[in-house]
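Examining the three-dimensional arrangement
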Amino acid sequence: MISASSLALQNVGYRIGSHQILSDLSLAATQGRFLAIVGPNGCGKSTSLRMMAGLIKPAAGQVVLDGQPLAQFTRKALSRQVALLTQSGQVPGNLSVRELVGMGRFAHQTVLSRASAQDDAAIEAALVAMDVQDLADRPAAALSGGQLQRCRMAMTLAQDTGVLLLDEPTTYLDLRFQYGILDKARALARAGRTVVAVLHDFTQASLYADEVAVLSQGRLVAQGAPAAVLDERLVAEVFGVRTQAVHAHGAVFHVPRSAMRLD
Ligand SMILES: Nc1ncnc2c1ncn2[C@@H]1O[C@H](COP(=O)(O)OP(=O)(O)OP(=O)(O)O)[C@@H](O)[C@H]1O
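Residues numbered from 1 in each chain as written. Predicted model: local features only at pLDDT ≥ 70, side-chain atom pairs only at ≥ 80, totals over all residues.

**What to know about the site of the ligand**
In the vicinity of the ligand, the residues found are Ile16, His19, Ile21, Gly39, Asn41, Gly42, Cys43, Gly44, Lys45, Ser46 and Thr47. Of all elements in the fold, only strand 2 (19–29) and helix 1 (45–52) reach the threshold of two or more residues within the shell around the ligand. Sorting elements by how many residues they give to the shell around the ligand places helix 1 first, with 3 residues. (Near = placed C-beta within 6 Å. Helix = DSSP H or I, 4+ residues; strand = E, 2+ residues; numbered from the N terminus.)

**Some details on the nonpolar core**
Grouped together as the largest cluster of nonpolar side chains are 71 residues, with contacts concentrated most on Cys151, Ala154 and Leu165. For this core, the leading source of residues is helix 5 (residues 145–158), giving 7 residues. Leaving out residues up to four positions away in the same chain, Leu165 has contacts with Leu49, Met52, Ala53, Val82, Ala83, Leu84, Leu85 and Val196. (Core = buried A, V, L, I, M, F, W, Y, C linked by C-beta atoms within 7 Å. Buried ≥ 20, exposed ≤ 12 C-beta atoms within 10 Å, placed from the backbone. Contact = placed C-beta atoms within 7 Å.)

**A short note on the confidence of the model for the protein**
Low-pLDDT portions of the prediction should not be read for the details of their coordinates. A residue-level look at the protein finds 97% of positions with pLDDT of 70 or above and a mean pLDDT of 93. The complex prediction reports pTM at 0.94, with the ipTM value standing at 0.97. (pLDDT = per-residue confidence, 0-100.)

**Quick notes on the sheet that holds strand 5 (residues 68–69)**
Taken together, 4 strands build an open sheet; the order of strands is 2-1-4-5 and the sheet is antiparallel. Edge positions in the sheet fall to strand 2 and strand 5, since each has one partner strand and no second. For strand 4 (residues 60–65) and strand 5, the ladder comprises 2 bridges, and the chain directions are antiparallel. Each bridged residue has a counterpart across the sheet, and for Leu65 the counterpart in strand 5 is Gln68. (Pairing = 2+ DSSP bridges.)

**Concerning the packing of helix 4 (residues 117–129) against helix 5**
Two numbers describe how helix 4 lies on helix 5: the axes approach to 8 Å, and their chain directions differ by 140 degrees. Accordingly, the angle class assigned to the pair helix 4 and helix 5 is oblique. Seen along the crossing, helix 4 lies across helix 5 with a hand that is right-handed. In this structure, helix 4 contributes Ala122, Ile123, Ala126, Leu127 and Ala129 to the contact, and helix 5 contributes Ala154, Leu157 and Ala158. A breakdown of the residues in the contact of helix 4 with helix 5 according to their chemical character gives 8 nonpolar, no polar and no charged. (Axes fitted to C-alpha atoms, helices over the stretch in contact; angles between N-to-C directions. Parallel < 35°, antiparallel > 145°, perpendicular 65-115°, else oblique. Left-handed = near helix turned anticlockwise from the far one by under 90°. Nonpolar A, V, L, I, M, F, W, Y, C, P; charged D, E, K, R; others polar.)

Structure (structure tokens):
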């Protein structure tokens, strides 16, 4: 049984050399909610997720999981609670898809322990959830981009954590699997997990997320309900794109004015 978790960046700062990447950034992901992070390329979205996963440490401020600073967790204890689907990843060696997905179970095993029945069940459930059971015995390195992305998501699911951090999870996926992965992410949130996903598509953010956080130049610009936050003014200011916002189905759709020949 996974434990409920809430994860927050509190006034964090982060720099690489003289480059200030994140500045006084506070961002809270709440248990049972799907938070989407949007923002221009290079604004610090992946850096924020990596910091939430404990892979990098803030130079200022702190990261807090269930009220406890992340610094107090061992790497393994943290991996049992927080999973990160990275934007891309090399597949090590000649792993089969089942072995790749099994890597999601490392946090639940000890050096000496063999894979348990619980590990096997979690791997099978993850393969089925991402509809990749037919690929299970194939070498992961030989998969197409979309197949590999679904297998990497299965690995993330197999980790069975309370918090899932998904960096552009729909990358490489055709429409069916894009919506499939977002449906799955929302279902996980509804079932009590904490889901944070970096998304570039406002329509997807608006349709699937409970909340959206907008980052720009390492700072939080806005956070709230997607249809309220993602308005024409914000999109023009933050992304430099003039759009017409169309509200339907409780979501907001941004149509570029250049495509409508309105500019
Ligand atoms: N290892 C690194 N060394 C130097 N600069 C880095 C490093 N990692 C990230 N950066 C810089 O930090 C900034 C934020 O990067 P980050 O990957 O968090 O952006 P992002 O919002 O996820 O972008 P994208 O939408 O393009 O994926 C960028 O300017 C990037 O060049």
